[in-house]
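# Structural overview for review
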Amino acid sequence: YWLMFYTKKKLIILIIISIIFFILTYIDVRSENINKITGFAKVVDGDTIKINSKKIRLYGIDAPEKKQKCKKTYLTISFMSFTKDYMCGEVSTQKLIKKINKQKLNCNILDVDRYKRLIGECFKRNINLNSWMVSNGYAVAYRKYSKKYVSDEINAKNNKLGIWQGKFEMPWDYRRKN
């Protein structure tokens, strides 16, 4: 009788340990399924930020690469225009830094890309930063992944804002070549 009780006790302890292990493992697996991140962002470039060491690629937009140059007109005399190169990728990055202005962001995570970056839509209070970047001409709508910001892009292009003031290579074409 004593031996049977001792074995039952071991069995119950084993079951309890197994349940605790299962719960802890389940919670750990669930925590990988992130859908919201809030915090202070470090800007990596015009379409990527980091919050709490998590890299977040801004959904549906593509900004010029950090080393990418664009052209803009600096002088027009009757029928002649003179252009100069400028670091549009750096401008894009700086504009995002200035817009965020060390404020807390809320990001809705929609996906994870092949580089293990989170893909998200980020907000400073009620301002959608993805939309803001495109509508001010510091990024373009990334039509390959979303049509959401196409109207913002058309508006920026029509009003010659940001990169639309001159000539530039689409960021995906620039990346492919460099």
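This text goes with the structure placed above it.
## Section: helix H4 (residues 150-158)
What H4 keeps buried is the set Val 150, Asp 152, Glu 153 and Ala 156. In an axial view of H4, the angular spread of the buried residues amounts to 155°, which keeps them on one side of the axis. Turned more than 90 degrees away from the buried face of H4 sit Ser 151 and Asn 158, all of them exposed. Where H4 is buried, its residues touch helix H3 (129-135) and strand S10 (140-141). Lys 160 lies just past H4 and shows a positive phi near 50°.

## Details of the nonpolar core
By size, the foremost hydrophobic cluster in this structure holds 24 residues, and its most contacted members are Ile 49 and Ile 56. Of the residues forming this core, the biggest block, 4 residues, is contributed by H3. Excluding residues that lie within four positions of it along the chain, Ile 49 makes contacts with Ala 41, Lys 42, Val 43, Val 44, Lys 54, Lys 55, Ile 56, Leu 96, Ile 100, Leu 105, Cys 107 and Cys 122. Among the nonpolar cores identified, the runner-up in size contains 8 residues, and Val 140, Ala 156, Ile 163 and Trp 164 belong to it.

## Quick notes on the pattern of salt bridges
Taken as a whole and assessed by the stated rule, the structure comprises 10 salt bridges. Notably, a salt bridge pairs Asp 62 with Arg 57, separated by 3.2 Å at the nearest N-O pair. Look at Asp 62 and you get buried, because its relative accessible area is 0%. Between Glu 169 and Lys 177 there is a salt bridge, and its shortest N-O distance comes to 2.6 Å. Bridged by salt links that share partners, the residues Asp 47, Arg 57, Asp 62, Glu 65 and Arg 175 form one connected network.

## Digging into the sheet that holds strand S6 (residues 80-86)
If you walk across this open sheet you meet the 3 strands as S6-S5-S11, and the pairing is antiparallel. If you trace the sheet from one side to the other, it starts and ends with S6 and strand S11 (166-167), each paired once. Sheet topology note: the strand S5 (residues 70-77)/S11 ladder contains 2 bridges and is antiparallel. If you follow Lys 71 over to S11, its bridge partner there is Lys 167.

## Concerning the state of the cysteines
Throughout the structure, instances matching the rule amount to 2 disulfides. Here Cys 70 connects covalently by a disulfide to Cys 88, the sulfurs 2.0 Å from one another. Measuring the twist about the S-S bond at about 65°, one finds the Cys 70-Cys 88 disulfide to be right-handed. Separated by 18 residues along the polypeptide, Cys 70 in strand S5 and Cys 88 in helix H2 (residues 88-100) bring together distant segments of the chain. Both residues of the pair, Cys 70 and Cys 88, count as buried. Each disulfide pairs two cysteine sulfurs, and for Cys 107 the partner residue is Cys 122, the sulfurs being separated by 2.1 Å.

The rules behind the values
Residues numbered from 1 in each chain as written. Predicted model: local features only at pLDDT ≥ 70, side-chain atom pairs only at ≥ 80, totals over all residues. Heavy atoms only, no water. Buried < 20%, exposed > 50% of the residue type's maximum accessible area, 1.4 Å probe, protein only. Helix = DSSP H or I, 4+ residues; strand = E, 2+ residues; numbered from the N terminus. Arc of directions from axis to C-beta. Contact = heavy atoms within 4.5 Å. Core = buried A, V, L, I, M, F, W, Y, C linked by side-chain atoms within 4.5 Å. Salt bridge = Lys/Arg side-chain N within 4 Å of Asp/Glu carboxyl O. Pairing = 2+ DSSP bridges. Disulfide = S-S within 2.5 Å.

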